[in-house]
Amino acid sequence: MRSELDSYDRKILALLQEDASLSSAQIAEQVGLSQSPCWRRIQRMKEEGIIRGQVTLLDRKKIGLNTQIFAEIKLNAHGRSNFTEFTEAIRGFPEVLECYVLMGAVDFLLRIVAADIEAYERFFFEKLSLVPGIQEVNSIVALSEIKSTTSLPV
């Protein structure tokens, strides 16, 4: 059973989204709770799946992934009937950071990172284009990033 989020929960979540390395004592101090109740709230939100995990965010450019591509994928009729096969293949590609099922002219939208256009070209020809059921891929190269966040508006 999932409980409703109150203002303390929302403040805790906002802080954790900005810096998950904060201790429960630090969070408690900033939201106006004592440490134990704050810790229990965090544990409850983890148990309920509101907090799915804690990760370290990397700067993709500083590790050599300078190119970001959005690929619109259209499947053929056979590919649509083998949805599971397609999704498992995509999940196996570390270059694909996100994959969305869409309604409309295309079936999927992928966010892909690569070192450069040549690296994306290799990924495209050696991996993506070999996935069964793909009818069409429209690749869109992002020139610059205006906004990128992992923080949800709580």
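Quick note: structure is the one above.
Rules of the game
- Residue positions are counted from 1 within each chain, in the order its sequence is given.
- Where totals are concerned, whole chains, interfaces and linings use all residues; where local detail is concerned, this predicted model gives features only for residues with pLDDT of at least 70, and gives and counts side-chain atom pairs only at 80 or more.
- With hydrogens and water stripped out, all remaining heavy atoms of the structure feed into the side-chain values.
- In this text, helices come from DSSP runs of H or I with a minimum length of four residues, and strands from runs of E with a minimum of two, each type numbered from the N-terminal end.
- To estimate how far a helix should reach, multiply one less than its number of residues by 1.5 Å.
- Partly exposed describes any residue whose relative accessible area lies between the buried limit of under 20% and the exposed limit of over 50%, with all areas from a 1.4 Å probe on protein chains only and scaled to the type maximum.
- Here the arc refers to the set of directions running from the helix axis out to each C-beta atom.
- In what follows, residue pairs with any heavy atoms lying within 4.5 Å of each other are defined as contacts.
- Each axis is a line fitted through C-alpha atoms, taken for helices only over the stretch in contact, and angles between the N-to-C directions span 0 to 180 degrees.
- Should an angle lie under 35 degrees it is considered roughly parallel, over 145 roughly antiparallel, and from 65 to 115 roughly perpendicular; all remaining angles are considered oblique.
- For this scheme, ten residues count as nonpolar: Ala, Val, Leu, Ile, Met, Phe, Trp, Tyr, Cys and Pro. Four count as charged, namely Asp, Glu, Lys and Arg, and the remainder, Gly too, count as polar.
- Definition of a polar contact: a pair of N or O atoms within 3.5 Å, with one able to donate and the other able to accept a hydrogen when the atoms are protein atoms, and with sequence-neighbouring residues admitted only if both atoms are side-chain atoms.
- Note on ring pairs: Phe, Tyr and Trp rings are taken, using the six-membered ring of Trp, and paired if centres are within 6.5 Å. Classes follow the plane angle, with under 30 degrees stacked, over 60 edge-to-face and the rest tilted.
- For two strands to be treated as a pair, DSSP must find at least two bridges joining them.
- The rule for a salt bridge is simple: a side-chain nitrogen of Lys or Arg has to be within 4 Å of a carboxyl oxygen of Asp or Glu.

Q: An account of helix α3 (residues 35-47) is needed here, citing residue identities and associated values.
A: Counted at 1.5 Å a residue, the expected span for α3 with its 13 residues is 18 Å, and the 18 Å between its end C-alpha atoms agrees. For α3, the set of buried residues is C38, R41, I42 and M45. All buried residues of α3 project into a common sector of 95° when viewed along the axis, lining one side. Relative to its buried face, α3 has exposed residues pointing more than 90 degrees away, namely R40 and E47. Next to the buried residues of α3 lie α1 (7-18) and α2 (24-31).

Q: Could you give an account of the packing of α1 against α3, naming the residues involved and the relevant values?
A: The description of two packed helices rests on the angle between their axes and on the distance between the axes. Packing of α1 against α3 brings their axes to within 11 Å, and their N-to-C directions diverge by 75°. Between α1 and α3, the angle falls in the class roughly perpendicular. Residues Y8, D9, I12, L13 and L16 of α1 pack against C38, R41, I42, R44 and M45 of α3. Within the contact of α1 with α3, the residues separate by chemical class into seven nonpolar, no polar and three charged.

Q: Let's hear about α1: which residues, and what values?
A: For an α-helix, 3.6 residues make a turn, and residues three or four places apart therefore share a direction. In this model, α1 (twelve residues) spans 17 Å end to end at C-alpha, consistent with the 16 Å of a helix rising 1.5 Å per residue. Along α1, the residues that are buried comprise D9, I12, L13, L15 and L16. Here the buried residues of α1 occupy an arc of 165° about the axis, which is enough to place them on one side. At its buried positions, α1 is contacted by α2 and α3. Sitting at the head of α1, D6 places a side-chain oxygen 3.0 Å from the backbone nitrogen of Y8.

Q: Talk me through the packing of aromatic side chains; I want residue IDs and the actual numbers.
A: A full pass over the atoms with the stated rule returns six aromatic pairs. Ring centres of F93 and F123 lie 5.5 Å apart, and the angle between their planes is 90°; this geometry places the pair in the edge-to-face category. Within this pair, whereas F93 is found in the loop between α5 (83-91) and β2 (96-101), its partner F123 is found in helix α6 (residues 117-126), the two being separated by 30 residues in sequence. Taken as a pair, F93 and F123 share a single burial class, namely buried. Consider the rings of F124 and F125, whose centres lie 5.0 Å apart with planes at 85°: the pair is edge-to-face.

Q: An account of the pairing of strand β3 (residues 108-114) is needed here, citing residue identities and associated values.
A: Look at any regular strand and the pattern is simple: side chains alternate between the two faces of the sheet. Of all seven residues in β3, five are buried, a share of seventy percent or more. Both strand β1 (residues 67-75) and β3 contribute to a ladder of seven bridges, which runs antiparallel. Within the sheet, the bridge partner assigned to T67 lies in β3 and is A114. In terms of strand pairing, β2 meets β3 through five bridges, oriented antiparallel. Counterpart to V101 in the pairing with β3 is F108.

Q: Help me get a handle on the pattern of salt bridges, residues and values and all.
A: Opposite charge on two side chains lets them pair, provided their charged atoms get close. Scanning the entire structure with this criterion turns up seven salt bridges. The partner of E145 in a salt bridge is R60, and the shortest N-O contact between them spans 3.6 Å. Taken together, the residues E145 in the segment after β4 (134-142) and R60 in the loop between α3 and β1 connect sequence positions 85 residues apart. A relative accessible area of 16% places R60 in the buried class. Residues R111 and E98 are paired through a salt bridge, measuring 2.6 Å at the closest nitrogen-oxygen approach. Linking R111 in strand β3 with E98 in strand β2, this pair joins segments that are 13 residues apart in sequence. Looking at E98, the relative accessible area reads 25%, which means it is partly exposed.

Everything listed is a geometric property; what it means functionally is a separate question.
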